[in-house]
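Letter by letter, the chains look like this.
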Amino acid sequence: MTVKSIRNPDLSVKIGNIKLENPVIVASGTFGFGEEYEDFLNLNHLGAIIPKGISLKPMVGNPPPRIFETEGGILNSIGLQNPGFEDFFNHKLPYFENIKTHLIINFFGNTQKEYIKLARCFNEVPGISGLEMNISCPNVERGGMAFCSEPKIVYRLVHAVRKSTKLTLIVKLSPNVTDIASIAKSAEEGGADAVSLINTFKAMAINVHSKKPELGNVIGGLSGPAIKPIALRMVWEVSQVVKIPVIGMGGIMKAEDAIEFILVGASAVQIGTANLINPRTGIEVIQGIRRYLVQNKIQRIQKLIGLFKN
Ligand SMILES: Cc1cc2nc3c(=O)[nH]c(=O)nc-3n(C[C@H](O)[C@H](O)[C@H](O)COP(=O)(O)O)c2cc1C
């Protein structure tokens, strides 16, 4: 191994048919539609971008307040507000024509039919590298939660969506379940190319002065550093039972956090809440991972994936 090659380690990873230049992806709902972040970083340097989750029809989301800062994290109850497929296609997608980073579409439906219809719609759209199917949002009354927690339902839903698209299919899992490994296994059996985890934890906060909830929706989802150790445990558990790539997320703020996820088996990571604090986190995590590989004389990031064995 030459000194030169160690200075420039290979960060590329494969998720389904997507070859990422590096394993750092920005997470859905925390990076707008990409454009909002262009003044802060070169989007082309990210491994992939996942814009806000898209439904068939526009959604107005939950009543405000919709974000509340907690110690070590944030609560959000955005409620999957989004412009819907048509507006996304006409007004948000064109921006990505000049971005060479992979675009992965996060989507969800209220029914299986809606999931299938959306998967078919996106299948026809050029410029999309893959789909991330959200079966896990805790902030919507219908759909989300019902889909995420029952292995048989997950299998059926993923299987149906699998048949509706040729794109790389990532299934995004909820942590609000008893046994996330069995849900991941069902997603794999249903035909997922990868699983990503975790989405937010159902949570709430009360203002003791007003005696009212801090979120308009009362219950929201907790994300950020507070959830990292639990997310890591879940990624580790899932990595041991599936053969498909696992994408880890939950409270990643810096390169070391990302490396922890990679060591327990994640092939790639997503940066969520950290983008809201420092929009350049994704870039800094990539730089930090590179530095770590150089310092540890590791030529390819592949060698790091799942290195932790108990
Ligand atoms: C404000 C906000 C909006 C989010 N919107 C979505 C969404 O539309 N679809 C989705 O799958 N996840 C959504 N998420 C979840 C994140 O993508 C991520 O799974 C979660 O926040 C955990 O990662 P983190 O701790 O790094 O933020 C959202 C999270 C936040 C904080």
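Residues numbered from 1 in each chain as written. Predicted model: local features only at pLDDT ≥ 70, side-chain atom pairs only at ≥ 80, totals over all residues. Heavy atoms only, no water.

Below, the discussion takes up the overall build of the protein chain. In terms of helices and strands, the protein chain carries 10 helices and 16 strands. Whereas a compact globule of 310 residues would reach a radius of gyration of roughly 19 Å, the protein chain reaches 18 Å, a difference of no more than 12%. Considered along the principal axes of its C-alpha atoms, the protein chain spans approximately 60 × 50 × 40 Å. Expressed as a percentage of its 310 residues, the buried residues of the protein chain come to 56%. Summarising the internal contacts of the protein chain: among those between residues at least 6 apart in sequence, 71% fall at separations of at least 24. Just so you have it, the protein chain exposes about 14,000 Å², and 53% of that area is on carbon and sulfur atoms. (Helix = DSSP H or I, 4+ residues; strand = E, 2+ residues; numbered from the N terminus. Rg over C-alpha atoms; globule rule 2.2 N^0.38 Å. Buried < 20%, exposed > 50% of the residue type's maximum accessible area, 1.4 Å probe, protein only. Contact = heavy atoms within 4.5 Å. Areas by Shrake-Rupley, 256 points an atom, 1.4 Å probe, with all protein chains shown as cover.)

With that settled, consider the sheet that holds strand β15 (residues 246-249). Taken in spatial order, the 8 strands of this closed barrel run β3-β4-β7-β8-β9-β10-β15-β16, and their pairing is parallel. Relative to β15, strand β10 (residues 194-197) is paired through 3 bridges, and the arrangement is parallel. Among the inter-strand pairings, S196 is bridged to a residue of β15, identified as I247. (Pairing = 2+ DSSP bridges.)

Bringing the packing of helix α7 (residues 228-241) against helix α8 (residues 255-263) into the picture now. In contact at an axis separation of 9 Å, α7 and α8 are set at 25 degrees when each is read in the N-to-C sense. Accordingly, the angle class assigned to the pair α7 and α8 is roughly parallel. Contacts from K228, A231, L232 and V235 in α7 reach D257, E260 and F261 in α8. Residues belonging to the contact of α7 with α8 are distributed by class as follows: 4 nonpolar, no polar and 3 charged. (Axes fitted to C-alpha atoms, helices over the stretch in contact; angles between N-to-C directions. Parallel < 35°, antiparallel > 145°, perpendicular 65-115°, else oblique. Nonpolar A, V, L, I, M, F, W, Y, C, P; charged D, E, K, R; others polar.)

Let's shift gears to the site of the ligand. Near the ligand, the surroundings consist of 25 residues, among which S28, K172, G224, G251 and T273 are the closest. Contact distances for the ligand include 3.5 Å between an oxygen atom and a side-chain N or O atom of N199. Between the ligand and G272, the relevant distance is 3.1 Å, taken from an oxygen atom to a main-chain nitrogen or oxygen of the residue. Surface burial for the ligand is 97%, taken as the share of its 610 Å² of free accessible area covered by protein chains. (Near = heavy atom within 4 Å. Polar contact = N/O pair within 3.5 Å; in protein donor to acceptor, adjacent residues only side chain to side chain.)

All right, on to the packing of aromatic side chains then. Taken as a whole and judged by the stated rule, the model has 10 aromatic pairs. Taking 4.0 Å as the distance between ring centres and 20 degrees as the angle between the ring planes, the aromatic pair formed by F31 and Y37 counts as stacked. The buried category is assigned to Y37, whose relative accessible area is 11%. Taking the centre distance of 5.9 Å and the plane angle of 65 degrees together, the rings of F107 and Y115 count as edge-to-face. Each member of the pair, F107 as well as Y115, is classed as buried. (Phe/Tyr/Trp six-rings, centres within 6.5 Å; stacked < 30°, edge-to-face > 60°.)

In the contact formed by helix α5 (residues 151-162) and helix α6 (residues 180-190), the axes pass within 7 Å of each other and the chain directions differ by 30 degrees. The orientation of α5 with respect to α6, classified from their angle, is roughly parallel. In this structure, α5 crosses over α6, and the sense of that crossing is right-handed. Across from P151, V154, Y155, V158, H159 and R162 in α5, the residues of α6 making contact are S182, I183, S186, A187, E189 and G190. Partitioning the contact of α5 with α6 into residue classes produces 6 nonpolar, 4 polar and 2 charged. (Left-handed = near helix turned anticlockwise from the far one by under 90°.)

Bringing the pattern of salt bridges into the picture now. Tallied over the entire structure, the rule returns 6 salt bridges. Put simply, E188 and K185 hold a salt bridge, and the shortest N to O gap is 3.1 Å. Within this pair, E188 and its partner K185 are both found in helix α6, separated by 3 residues, close to a single helical turn. R233 is paired through a salt bridge with E237; the nearest N and O atoms lie 3.1 Å apart. Of this pair, R233 and E237 are both found in helix α7, 4 residues apart, which corresponds to roughly one turn of the helix. (Salt bridge = Lys/Arg side-chain N within 4 Å of Asp/Glu carboxyl O.)

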